[in-house]
Amino acid sequence: MKKRKKPAILNFGHILLGCRFDVWIRLLIENHFHISPAYIPQAILITCLSLLLFPFALIERLILAIPIHKQKPKQPLFILGHWRSGTTFLQNLLSKDPDHGFFDPVNTITINNAWLLKPILTPLIKKQLPTARPMDNMVYQLDLPMEEVYALANTCTLSFLHLLTFPENAQRYLDATFVESLPQKDRRRWERAYKYLIKKQTFICKGKPLILKSPSNTAIAAELYHLYPDACFLHIHRDPYEVIVSTIYTLQKILDTMALQNDHKEQLLEDLTLTLFTDIFTQLFKDMEKIPPEQFMEISYEEFEKQPLEYLEKIYAKFHLSGFEKAKPRFKQYLDGQKSYKKNHLRISPALVERINKQLGFYFTRYGYEMKDPNTFSQEV
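In this text, all values refer to a predicted model and were calculated from it rather than measured experimentally. (Residues numbered from 1 in each chain as written. Predicted model: local features only at pLDDT ≥ 70, side-chain atom pairs only at ≥ 80, totals over all residues. Heavy atoms only, no water.)

Novice: Just checking my understanding: could you explain a nonpolar patch on the surface for this structure?
Specialist: A cluster of nonpolar residues, Phe56, Ile59, Ile63, Trp115 and Leu116, forms a patch on the protein surface that exposes about 420 Å² of accessible area. Mapped onto the elements of the fold, Trp115 is located in the loop between helix 5 (105-109) and helix 6 (118-128). (Patch = residues over 30% accessible without salt bridge, like charges linked within 9 Å, V, L, I, M, F, W, Y side chains within 5 Å. Areas by Shrake-Rupley, 256 points an atom, 1.4 Å probe, with all protein chains shown as cover. Salt bridge = Lys/Arg side-chain N within 4 Å of Asp/Glu carboxyl O. Helix = DSSP H or I, 4+ residues; strand = E, 2+ residues; numbered from the N terminus.)

Here you go:
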């Protein structure tokens, strides 16, 4: 991979622009204050903005301490699935049910100031929000959900997303994805941070059950069940060739806009994706045994894409969720708006096909996907 070019402008949509100042300082310490020269202006911007917002974040936390403490999140719905498995499409669709809440872009990016400064921050975020995601052209809107892991990255140093801003310390943040294996002290710190986020968003959503989707949650399903015993878990799986090649492309796109260090190579991204896929699903298959069957459901992306409304009805029935008929017109309206959406078509090398076949055989077997011959398989997926 060629060395990344110096960015022409500052990225005012950087994932850490809403980072709490003390968290940002700890991240810098963990990474020995190493920022590649081209990204020092971006780091300065994050520092200045986080310092400016810090007093308001502390005031907001103090004012809301009692109301947030009293929150009792009820029956959250966790959407599980690897990156590029259709989790975003599924969450966007489910979020159209007005009886459920979710992390919208304002509450995600600026979770530390999402209540006190929301009238000020909302128009600023709306102005900087890209019209579409760089990896797949899916639309960004203020009324569509985002992954709560972005909020976690701005309130805690134990987030997978920090791997994408500090790639030289990739192993540390990769390890943090698997909460169960963290040292007890870090595990308790992660748990406090995550529970606070969910309580705060429940408060902001006026007590509605939350629809939550962060692909890294797929690695911690049992931990989430431990925290929320009434939670529902919806896992969506997809053809591994499409998932792997699209994830590599996605990570590259995010690194190009979010990394503060230059050290990431093409082979590293390929190795990371295959290792992460293997470890996540090895963990998920263990965790599934700890979750009651009535609270866990699996669907195929390929089948869901063909009959989304029919599958939504099955999901509502499985988890005894009310309001399907009331929300059905909203679901249809969203689906009608997606008819013009065009997927990316990415090239996959025979060498990568061979690696996928070798490392992910357990996944092919479990879900019945056909393993392709690297010598004859189409190079575009």
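Novice: So what exactly am I meant to see when it comes to helix 1 (residues 21-30) here?
Specialist: Every α-helical turn comprises 3.6 residues, leaving residues that sit three or four positions apart pointing alike. Of the residues making up helix 1, those classed as buried are Phe21, Val23, Trp24, Leu27 and Leu28. All buried residues of helix 1 fall inside an arc of 160° around its axis, so they share one side. On its buried face, helix 1 sits against helix 2 (40-63), helix 7 (148-153), helix 8 (162-165) and helix 9 (170-175). (Buried < 20%, exposed > 50% of the residue type's maximum accessible area, 1.4 Å probe, protein only. Arc of directions from axis to C-beta. Contact = heavy atoms within 4.5 Å.)

Novice: I would appreciate a short explanation of the sheet that holds strand 4 (residues 296-300) in the present structure.
Specialist: Backbone-to-backbone hydrogen bonds pair the strands of a sheet. The strands run either parallel or antiparallel. Within the open sheet, the four strands sit side by side as 2-1-3-4. Their pairing is parallel. At either end of the open sheet lies a strand with only one pairing partner, and these are strand 2 (211-213) and strand 4. For this sheet, the mean angle separating the axes of adjacent strands, direction not counted, is 20°. One ladder, built from three bridges, connects strand 1 (residues 77-80) with strand 2; its direction is parallel. (Pairing = 2+ DSSP bridges. Axes fitted to C-alpha atoms, helices over the stretch in contact; angles between N-to-C directions.)

Novice: I would appreciate a short explanation of the packing of aromatic side chains in the present structure.
Specialist: Any aromatic ring pair is given by two values, namely how distant the centres are and how the planes are angled relative to each other. For the structure on display, the rule yields 22 aromatic pairs. The ring of Tyr196 has Arg61 sitting right over it, with the charged end atom 3.9 Å from the ring centre. (Phe/Tyr/Trp six-rings, centres within 6.5 Å; stacked < 30°, edge-to-face > 60°. Lys NZ or Arg CZ within 6 Å of the ring centre and 35° of its normal.)

Novice: Would you explain the side chain of Arg20 in this entry?
Specialist: Mapping Arg20 onto the fold places it in the segment before helix 1. At a separation of 2.7 Å, a polar atom in the side chain of Arg20 contacts the side chain of Asp22. Discounting chain neighbours no more than four positions away, the residues touching Arg20 are Arg26, Ser50, Phe54, Arg61, Asn112, Asn154 and Thr155. (Polar contact = N/O pair within 3.5 Å; in protein donor to acceptor, adjacent residues only side chain to side chain.)

Novice: Help me out: how do you make sense of the nonpolar core in this one?
Specialist: Note that soluble globular proteins tend to have their nonpolar side chains buried in a common cluster. Within the largest apolar cluster, 87 residues are counted, with the highest numbers of intra-cluster contacts made by Trp24, Phe78, Trp190, Tyr194 and Ile356. Apart from residues lying up to four places away in sequence, Tyr194 is in contact with Phe78, Glu148, Leu152, Leu212, Asn217, Leu224, Leu227 and Tyr228. Leu77, Leu93, Ile236 and Tyr334 belong to the second largest nonpolar core, which has 27 residues in total. (Core = buried A, V, L, I, M, F, W, Y, C linked by side-chain atoms within 4.5 Å.)

Novice: Please clarify how the pairing of strand 3 (residues 232-237) should be interpreted in this entry.
Specialist: Walk down a regular strand and you will see the side chains alternate between the two sheet faces. Burial runs high along strand 3: six of the six residues are buried. The two faces of strand 3 match: Cys232, Leu234 and Ile236 on one face and Phe233, His235 and His237 on the other face are all buried. Inspection of the sheet shows strand 1 paired to strand 3 by four bridges, in the parallel sense. Opposite Phe78, over in strand 3, you have Phe233 as the bridge partner.

Novice: Explain unusual backbone geometry here, please?
Specialist: Most peptide bonds take the trans configuration, and most residues that are not glycine carry a negative phi. One non-glycine residue with positive phi stands out, namely Phe33, at about 55°. The topology assignment puts Phe33 in the loop between helix 1 and helix 2. Of note, Lys206 is a non-glycine position whose phi angle comes to about 55°, a positive value. Here Lys206 shows up in the loop between helix 10 (184-204) and strand 2.

Novice: Explain the environment of Tyr228 here, please?
Specialist: Note that Tyr228 resides in the loop between helix 11 (221-227) and strand 3. Along the backbone, Tyr228 and Pro76 are 152 residues apart, and their C-alpha atoms lie at a distance of 7.6 Å. The contacts of Tyr228, once residues within four sequence positions are left out, are Pro73, Pro76, Phe78, Tyr194, Lys195 and Ile198.

Novice: I keep staring at the side chain of Gln71 and nothing clicks. Help me out?
Specialist: Mapped onto the elements of the fold, Gln71 is located in the loop between helix 3 (65-69) and strand 1. A distance of 3.4 Å separates a polar side-chain atom of Gln71 from the backbone oxygen of Pro67. When near neighbours in sequence (up to four residues on either side) are disregarded, Gln71 contacts Lys199, Thr202, Phe203 and Gly207.

Without other data, these values stay purely geometric and don't point to any function.
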